[in-house]
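Letter by letter, the chains look like this.
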Amino acid sequence: MRPGPGLGETAGIPTRNNVYLMSTPCIFRRLRGAGLNAGFLARRFVGRRFVERRFVERRFVGRRAWPAAGLAAAAVVLAACGGARRDDSAQSPRALLAAAGETTPAQTALDVLRADRDFARRVSAASFPEALRAGFLPGVMMPVPPTRIVAGVDSVLAAFASSPDAGGRMTWTPVRAGVSGDGTHAYTVGMGSVRRTDGTRSQFKYLSYWIREGEGWRVAAWRRRPVDTNVVLDSTMLTPLLPARALTAAEAASAARDVAAHRQSLMAAEQGFSDLAQRIGVGAAFAEMGDEQAVNVGPSSLGRFVLGPRAIALAVSGNQPLTAPSAITWNADTALVAPSGDLGITFGVIRPKQPPADNPNAGASFFTIWRRSSPNAPWRYVAE
């Protein structure tokens, strides 16, 4: 069945003498993760421990440059291999992207990854869960087992009061970002841990949905899934999910006029997801409705995200065939959507079609993050 949630369940590359000091294995690993041609890179980088600036500019910016979408993904994953550096450097990934055009989605992804890492650093220095307050929007929302969707920062923090993690020190690291075409909504997924007051340690996977207000990003929805303490977490960076291009100001303004319709279409997509599961089976519906790069938090015994709609379908089906009749139903009770209409999040409760006699209100609260290529394209889930 569709998994229920647990409780709430850089940018620059340092240089020396105009040389990018990135570990070659790191480059290969992250670019392979982004689906880029590691064989091409290997032929050019054999025997080298770093990438010369001239080579990067010639391949990334010159006449034989990669397509903008591939370049954007490369810049985001390459940034994860380096340390901190000022973004206005002529040698930064941001500057290389600017020279190539089609830059805003990649810059936005870098910005939200930086915001998430900064948030984690601030939280790690203070007591959980109160340390989360500053990074949450006042109306932040979170699924709370078994069937609640809690709204409001005070209510969300109060939901952690009885957690064994309360009073501990929490930290995390994002492994993926996705952004909207207008640069106002985004999401991150990643891995984290808590050092508890009794000296023990817990760990988790998390999903965050972000909204930019002014120049800053804050969390509008948060969820974490506990991971067994004997499991090794895999923090390998995943390909960023970027729109094909940023919207112009005029396009963004035009799309924003239809935000109510975008929200309605997103909630209808969640209902359609459940309806499809009733016809063809839950697993088959997950296989059909997912983006090719979709992730699912998976079970507590897994230290990484389940990646891809087929793998997710198999995970949620358990030992049942993908086409097994659905024993559950669900719908969206509410939703948030970017004004550009291409990224959003739904909240709801999964209900058994035949609840136990002693628990007629049985269920599991959830949220699902969705994206689409344009306001006229179908929605596909990307994270849950």
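Described below are features of the structure shown in this document.

What counts, and where the lines are drawn
Residues numbered from 1 in each chain as written. Predicted model: local features only at pLDDT ≥ 70, side-chain atom pairs only at ≥ 80, totals over all residues. Heavy atoms only, no water. Helix = DSSP H or I, 4+ residues; strand = E, 2+ residues; numbered from the N terminus. Buried < 20%, exposed > 50% of the residue type's maximum accessible area, 1.4 Å probe, protein only. Areas by Shrake-Rupley, 256 points an atom, 1.4 Å probe, with all protein chains shown as cover. Contact = heavy atoms within 4.5 Å. Pairing = 2+ DSSP bridges. Polar contact = N/O pair within 3.5 Å; in protein donor to acceptor, adjacent residues only side chain to side chain. Core = buried A, V, L, I, M, F, W, Y, C linked by side-chain atoms within 4.5 Å. Phe/Tyr/Trp six-rings, centres within 6.5 Å; stacked < 30°, edge-to-face > 60°. Axes fitted to C-alpha atoms, helices over the stretch in contact; angles between N-to-C directions. Parallel < 35°, antiparallel > 145°, perpendicular 65-115°, else oblique. Left-handed = near helix turned anticlockwise from the far one by under 90°. Nonpolar A, V, L, I, M, F, W, Y, C, P; charged D, E, K, R; others polar.

### Section: the overall build of the chain
- When you go through the chain residue by residue, the secondary structure sums to eleven helices and 15 strands.
- The 384 residues of the chain split such that 53% are buried.
- Summed over its atoms, the accessible surface of the chain is roughly 16,300 Å², and 51% of this surface lies on carbon and sulfur atoms.

### Concerning the side chain of serine 180
- Position of serine 180 among the secondary structure elements: in the loop between strand S6 (169-179) and strand S7 (185-195).
- Other than its neighbours up to four places away in sequence, serine 180 contacts His185, Pro243, Ala338, Ser340, Asp342 and Leu343.

### A look at the sheet that holds strand S14 (residues 364-371)
- In space, the six strands of this open sheet follow the order S11-S10-S15-S14-S13-S12, with mixed pairing throughout. What marks the edges here is a single partner per strand, and that holds for strand S11 (306-307) and strand S12 (328-337).
- As paired strands, S14 and strand S15 (residues 380-383) are joined by three bridges and run antiparallel to one another. Bridged to arginine 371 within S15 is arginine 380.

### Looking at the environment of glycine 298
- Relative to the elements of secondary structure, glycine 298 occurs in the loop between strand S10 (290-296) and S11.
- Non-local contacts of glycine 298, meaning those with residues more than four positions away in its chain, are made with Lys205, Arg225 and Val306.

### Brief notes about the environment of tryptophan 210
- Along the chain, tryptophan 210 turns up in strand S8 (residues 201-213).
- Tryptophan 210 gets classed as buried once you look at its relative accessible area, which sits at 1%.
- For the pair tryptophan 210 and alanine 115, spaced 95 residues apart in sequence, the C-alpha separation works out to 9.6 Å.
- Of note is the side chain of tryptophan 210, whose polar atom sits 2.9 Å from the side chain of threonine 188.

### Regarding the nonpolar core
- By size, the foremost hydrophobic cluster in this structure holds 35 residues, and its most contacted members are Phe119, Leu132, Phe136, Met170, Trp172, Trp210 and Trp222.
- Ranked by residue count, the leading element in this core is helix H6 (residues 104-124), at eight residues.
- If near-sequence neighbours (up to four positions away) are discounted, phenylalanine 136 is found in contact with Phe119, Val153, Val156, Leu157, Arg218, Val219 and Trp222.
- With 27 residues, the next largest nonpolar core counts Ala269, Leu276, Ala285 and Ala313 among its residues.

### Re the packing of aromatic side chains
- Per the counting criterion, the structure on display carries 15 aromatic pairs.
- Judged by centre distance (6.0 Å) and plane angle (70°), the ring pair of phenylalanine 119 and phenylalanine 136 falls under edge-to-face. With phenylalanine 119 in helix H6 and phenylalanine 136 in strand S4 (residues 136-144), this pair connects stretches of sequence that are 17 residues apart. By the burial criterion, phenylalanine 119 is buried, and phenylalanine 136 matches it.
- In this structure an aromatic cluster arises from ring pairing among Phe119, Phe128, Phe136, Phe160, Trp172, Phe204, Tyr206, Trp210 and Trp222.

### So, the packing of helix H10 (residues 282-289) against helix H11 (residues 309-317)
- With their axes 8 Å apart at the nearest point, H10 and H11 run at an angle of 160° to one another. As summarised for this structure, H10 and H11 are arranged roughly antiparallel, according to the angle between their axes. Crossing handedness for the pair H10 and H11: right-handed. Residues Val282, Gly283, Phe286 and Ala287 of H10 pack against Pro309, Ile312, Ala313, Val316 and Ser317 of H11.
- Here the contact of H10 with H11 is composed, by residue class, of seven nonpolar, two polar and no charged.

### Section: the sheet that holds strand S9 (residues 216-227)
- Read across the sheet, six strands follow the order S5-S4-S9-S8-S7-S6 without closing on themselves; strand pairing throughout is mixed. The strands lining the two open edges of the sheet, one partner per strand, are strand S5 (148-151) and S6. Direction aside, the axes of adjacent strands within the sheet are offset by 20° on average.
- Where S7 lies against S8, eleven bridges are found, and the strand directions are antiparallel. What sits directly across from alanine 186, in S8, is tryptophan 210.
- Packing against the sheet, H6 makes contact with S4, S6, S7, S8 and S9, and its axis sits at approximately 170° to S6.

### Observations regarding unusual backbone geometry
- Cis geometry is found at the peptide bond from phenylalanine 128 to proline 129, where omega equals 5°.
- Mapping proline 129 onto the fold places it in the loop between H6 and S4.
- Across the junction of proline 145 and proline 146, the peptide omega takes the value 0°, indicating a cis bond.

### Thoughts on H10
- H10 sits mainly inside the fold: six of its eight residues count as buried.
- Buried within H10 we find Val282, Gly283, Ala284, Ala285, Phe286 and Met289.
- Tucked inside the fold, the buried residues of H10 contact helix H9 (259-280), S10, H11, S12, S14 and S15.

### Focus on the pairing of S5
- Inspection of the sheet shows S4 paired to S5 by four bridges, in the antiparallel sense. Across the sheet, the residue bridging to methionine 141 is alanine 151, located in S5.
- In sequence, S4 turns back onto S5 through a hairpin of three residues.

### Digging into the packing of H9 against H10
- Interaxial distance between H9 and H10 falls to 7 Å at its minimum, and their mutual angle equals 135°. One way to sum up the angle between H9 and H10 is to call them oblique. Classified by chirality, the crossing of H10 by H9 is right-handed. Between H9 and H10, the residues in contact are Ala269, Phe273, Leu276, Ala277 and Ile280 and Val282, Ala284, Ala285, Phe286, Glu288 and Met289, respectively.

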